[in-house]
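Descriptive analysis of the structure
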Amino acid sequence: MDSTILIHKATREQSADIARLIMMAMTDDCCLYFCGDGYGLEDFRRMMVTLVQREDSQYSYRNTSVAMDGNKIVGVAVSYDGGQLHELRRVFIEAAKNFIGVDHSCMNDETQAGELYLDSLAVLPEYRSRGIAKKLLIATKKRAERMGLPVGLLVDNGNPVGEILYTSVGFRYVNDSLWGGHPMKHLVWETPALDENH
């Protein structure tokens, strides 16, 4: 792993860079799938920046770890307690009406109570294959361990490289899912049981 890359908690000032990386994780196709007629990626980007800046959104900077090369954000991992999905998603639903012209209040759940849901993981293309995604995954697992939860995520069936990365660190297949118009696999990474004496 690249020892020059450090993982930190994100700050609100980093919102624009974080939003760009979240959209990279989602893919342009997926972002456009969520947009209403006449809306595009720039509308989606403006919405995401707003959501990252907030404290009560699933995409909040408060739910984000950033991989830093000096002062440059080169990767992100966004995760939150799956039990808070509906509360956190309310903000997304309102923002989607305003920014991308769609009511997503009937959207399928991508997570549930009982897991720290890894919503987005992305590394800039020029920084890939340097162990940065693995560092972000380990930071997410440490957060899950403090919460006493396993880490859960959805990986696109068309992303075998991502699936190999996740299984290489300990994720296992649980079931199939559908999200953002794509068939997905639900994977879970169990964390050690908390020792009640500590």
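Placed above this text is the structure.
What you see is a predicted model, and the numbers here were worked out from it, not measured in a lab.

A separate point is the overall build of the protein. Across its full length, the protein carries 6 helices and 7 strands. Secondary structure elements of the protein, listed N to C terminal, follow the sequence β-α-α-α-β-β-α-β-α-β-α-β-β. A globule of 198 residues ought to have a C-alpha radius of gyration of about 16 Å, and the protein, at 16 Å, matches this closely. With the C-alpha coordinates aligned to their principal axes, the bounding extent of the protein is approximately 50 × 35 × 35 Å. Out of the 198 residues belonging to the protein, those deemed buried represent 49%. For the protein, the share of sequence-separated contacts (at least 6 apart) that also reach a separation of at least 24 residues comes to 70%. Carbon and sulfur atoms provide 49% of the accessible area of the protein, an area that totals close to 9900 Å². With 21 positive and 27 negative side-chain charges, the protein shows a spacing of 5 Å between the two charge centroids.

Now for the pattern of salt bridges. The full count for this structure, using the stated rule, is 12 salt bridges. The shortest N-O distance in the salt bridge between R62 and E55 comes to 3.0 Å. Among the charged side chains, a salt-bridge network with shared partners connects R12, E55 and R62.

On to helix α4 (residues 85-99), then. Owing to its 3.6 residues per turn, the α-helix aligns residues three or four sequence positions apart on the same side. Along its 15 residues, α4 runs 21 Å from first to last C-alpha, staying within 8% of the 21 Å computed at 1.5 Å per residue. Among the residues making up α4, those that are buried are L85, L88, R89, V91, F92, I93, A95 and A96. On its buried face, α4 is in contact with α3 (41-53) and β3 (72-81). Just downstream of α4 lies G101, where phi reads positive at about 65°.

Take the pairing of β3 next. With respect to burial, β3 is a largely interior element, 8 of its 10 residues being buried. Judged from the 6 bridges that link them, strand β2 (residues 64-69) and β3 form a sheet pairing that is antiparallel. Paired with V66 across the two strands is V76, which belongs to β3. Pairing geometry for β3 and strand β4 (residues 116-123), over 7 bridges, is antiparallel. Among the inter-strand pairings, S79 is bridged to a residue of β4, identified as L118.

Attention now goes to the nonpolar core. Core analysis: the biggest nonpolar cluster contains 63 residues, and I18, M26, F44, M47, M48 and F171 have the highest contact counts within it. Looking at this core, the element that brings in the most residues is α4, giving 7 residues. When near neighbours in sequence (up to four residues on either side) are disregarded, M48 contacts A19, I22, M23 and Y59.

Reading guide: rules and limits
Residues numbered from 1 in each chain as written. Predicted model: local features only at pLDDT ≥ 70, side-chain atom pairs only at ≥ 80, totals over all residues. Heavy atoms only, no water. Helix = DSSP H or I, 4+ residues; strand = E, 2+ residues; numbered from the N terminus. Rg over C-alpha atoms; globule rule 2.2 N^0.38 Å. Buried < 20%, exposed > 50% of the residue type's maximum accessible area, 1.4 Å probe, protein only. Contact = heavy atoms within 4.5 Å. Areas by Shrake-Rupley, 256 points an atom, 1.4 Å probe, with all protein chains shown as cover. Lys, Arg positive; Asp, Glu negative; His and termini not counted. Charge placed at Lys NZ, Arg CZ, Asp CG, Glu CD. Salt bridge = Lys/Arg side-chain N within 4 Å of Asp/Glu carboxyl O. Expected span 1.5 Å × (residues − 1). Pairing = 2+ DSSP bridges. Core = buried A, V, L, I, M, F, W, Y, C linked by side-chain atoms within 4.5 Å.

Geometric descriptors of this kind do not, in isolation, establish any biological role.
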